[in-house]
Amino acid sequence: MPKDFLAGARDSYDVVVIGSGLAGMTAANILGRAGYQVLLLEQHYKLGGMATWFKRPGGHIFDISLHGFPHGMIKSCRRYWTQEIADSIVPLRHIRFDNPMFSLTTSYDREDFTRLLTTKFGVTQETVAAFFDTARGMNFYDDQRLTTRELFQKFFPGREDIIRLLMEPITYANGSTLEDPAITYGIVFSNFMSKGVWTFEGGTDRLIGLMHDDLLKSGVDVRIKCDAEKIHVENGRVTAVTANGRTIKTRAVVSNSNLRATIFRMTGEEHFDKKFVQDAREVRLNNSSTQVYIALKPDERVDESMGDLFFTSTAPLFRTDLLLSRDITSRTYSFYYPRTRPQGRPRCLIVSSTNANYADWAGLSDEDYQASKQDLIDKTLDHLDRYVPNIRERLDHVEAATPKTFQHYTAHVEGASFGTKFEGLAVSRALPEQVKGLYHAGSVGIIMSGWLGAINYGVIVANDVDSLLMKSPPPQVSSQ
Ligand SMILES: Cc1cc2nc3c(=O)[nH]c(=O)nc-3n(C[C@H](O)[C@H](O)[C@H](O)COP(=O)(O)OP(=O)(O)OC[C@H]3O[C@@H](n4cnc5c(N)ncnc54)[C@H](O)[C@@H]3O)c2cc1C
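Residues numbered from 1 in each chain as written. Predicted model: local features only at pLDDT ≥ 70, side-chain atom pairs only at ≥ 80, totals over all residues.

Chemist: Would you explain the domain arrangement of the protein chain in this entry?
Modeler: It is common to give the size of an interface as the accessible area lost on bringing the parts into contact. Here the protein chain is described as being made up of domain 1 (12-45 + 224-283 + 418-471), domain 2 (53-91 + 287-410) and domain 3 (109-192). Domain 1 and domain 3 are separated by 33 Å when their C-alpha centres are compared. Each partner contributes to the interface: domain 1 provides 7 residues, whereas domain 3 provides 10 residues. Here the side of domain 1 that touches domain 3 is built from residues that sort into 5 nonpolar, 2 polar and no charged. (Domains from an automatic or database assignment. Contact = placed C-beta atoms within 7 Å. Nonpolar A, V, L, I, M, F, W, Y, C, P; charged D, E, K, R; others polar.)

Chemist: Honestly, the sheet that holds strand β15 (residues 309-313) in this entry has me stumped. Any pointers?
Modeler: Adjacent strands of a sheet form backbone hydrogen bonds with each other and so pair up, either parallel or antiparallel. What the 7 strands build is an open sheet, ordered β8-β7-β15-β16-β17-β14-β18; its pairing is mixed. The open sheet has two free edges, formed respectively by β8 (103-106) and β18 (395-401), since each of these has just one partner strand. With direction set aside, neighbouring strand axes in the sheet form an average angle of 15 degrees. One ladder, built from 5 bridges, connects strand β16 (residues 330-336) with strand β17 (residues 349-356); its direction is antiparallel. When the sheet's bridge partners are listed, threonine 332 is paired in β17 with serine 353. Running over the sheet, helix α16 (residues 403-410) touches β14 (288-296), β17 and β18 and is turned about 95 degrees from β14. (Pairing = 2+ DSSP bridges. Helix = DSSP H or I, 4+ residues; strand = E, 2+ residues; numbered from the N terminus. Axes fitted to C-alpha atoms, helices over the stretch in contact; angles between N-to-C directions.)

Chemist: Before we go on, may I ask you to explain helix α6 (residues 148-155) in this structure?
Modeler: Side chains of residues three or four places apart in an α-helix project in the same direction, reflecting 3.6 residues per turn. Among the residues of α6, those classed as buried are Thr148, Leu151 and Phe152. Buried residues of α6, seen end-on, are gathered within an arc of 95 degrees and therefore sit on one face of the element. Elements in contact with the buried residues of α6: α7 (160-174) and α8 (182-195). (Buried ≥ 20, exposed ≤ 12 C-beta atoms within 10 Å, placed from the backbone. Arc of directions from axis to C-beta.)

Chemist: Could you clarify how one ought to interpret the site of the ligand in this entry?
Modeler: The environment of the ligand is made up of 39 residues, and the closest members are Gly19, Gly21, Gly49, His67 and Gly450. Contributions of two or more residues to the shell around the ligand are made by α1 (22-33), β14, α16 and α18 (450-471). Taken together, the residues of the shell around the ligand sort by class into 14 nonpolar, 23 polar and 2 charged. Each of domain 1 (12-45 + 224-283 + 418-471) and domain 2 (53-91 + 287-410) contributes no fewer than three residues to the shell around the ligand. (Near = placed C-beta within 6 Å.)

Chemist: Help me understand the sheet that holds strand β5 (residues 69-70), please; the structure alone is not making it clear to me.
Modeler: Read across the sheet, 3 strands follow the order β5-β9-β6 without closing on themselves; strand pairing throughout is antiparallel. Each end of this open sheet is capped by a strand with a single partner; those strands are β5 and β6 (89-92). Of the strand pairs in this sheet, β6 and strand β9 (residues 197-200) are connected by 4 bridges, and their pairing is antiparallel. Paired with proline 91 across the strands is tryptophan 198, a residue of β9.

Chemist: For this particular structure, what's the right way to read the nonpolar core?
Modeler: Ranked by internal contacts, the top residues of the largest apolar core, which has 128 residues, are Val15, Val16, Val17, Ala27, Val38, Val253 and Val254. Non-local contacts of valine 16, meaning those with residues more than four positions away in its chain, are made with Leu39, Leu41, Val241, Ile248, Thr250 and Val253. The next biggest cluster of nonpolar side chains, apart from the first, holds 5 residues, and it includes Leu323, Leu324, Ala356 and Trp361. (Core = buried A, V, L, I, M, F, W, Y, C linked by C-beta atoms within 7 Å.)

Dropping the structure here:
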């Protein structure tokens, strides 16, 4: 008989959270701490969603999305998770760039960028200060017609090199483009510029392990291998969730699954009004990624002067379409030194990431897909060899992931790495106006993306759920 992953679960909960990405786990933790009965359903055998890792023989542990996040993570983790988690967040000191326009190393904060822009790029102090102040002053309620390209043109007209310096890391960090509203750039850029780029010491496995412990302490019923198939709606409000064939009653659902999957696959468009359905259909997914994971032999080391994050490109100019092209010109390398996992076996690992289109990988035959993956690995090693000489002889393990891999493991439509484009935020926020008790929390709208954005969105939605549940009395149902 197959194992029942819902064995012992109650028949009803105050809240069912679908998905254990950072937003889902954070919402579940806050609601559990507040005393609600919370069920967290995760279809995968691991918690974390995109915040994940995998192990390979030889003591190698690869992180998928632990490349860097803003300093704000410390505050969010201290408040909504634990002091131990917050205390493990440490700065990345060396961010490097190498492209046909410039090569430089920076601590990636306002002070150092001001130094670079004035001394290396010849911009006046006043212009730099005005640009930073404008970016920092941006908020969600600003005029959304100004694009990032127009913002740059205003302060640095004709300066393709400066656009590249300012934009390349943010495009990497959240997939945003020069054509997106400038606020998607301003908010994320300012978050990083406040105190640079940070990481989690001990690796994603340690982080998610600590979060799991805290969820249990908060009384959350955590279930892996539980695929939520259906969200039930009666008379305009959420009543239950079906997972692994079992229907469980609930007063509220927080879906951390992809926004479109939540609306069209799990709930059904018949429960929403026409205009909402149309808006939801028009929400564009963000792009996906390819990654090449490289583990060096146990006694091989890379000097830390290589940097922690290294933005490389062979393209003469910065162009968004080039960043997504199958003909790869831009690669961002994350170098993981033995200090990344002080508790583990000392290892050096390198992960090369490139933004990618799902469509470029989805339609390939099995044979072409495997060949394309091998080509991705070969070309990445060729490129890396110029920075880490003799890489082929020094490596112990190499493999690649594509948009199809991300889709497979996270159930994200088209393997979207950062949820949806900007318009997804309004649709996500409007869900509970359409169906009472139905919420979405997860990477959406570029701003609410990445580790910090996802956690913070989980906080916002947990507060919304809390106010709903405080207002409406629990239904009269018997529970086990
Ligand atoms: C290659 C890559 C690199 C990245 N690098 C960084 C980085 O350096 N810094 C950064 O801040 N961010 C990075 N990100 C982005 C970041 O990882 C994500 O934005 C964030 O982790 C997403 O969290 P989320 O809460 O939206 O949920 P997700 O991580 O998308 O998780 C959703 C969860 O829901 C589960 N689920 C879906 N449907 C169901 C269902 N029907 N039933 C049950 N469970 C379901 C999935 O299995 C998954 O576990 C990267 C992403 C990728 C792909």
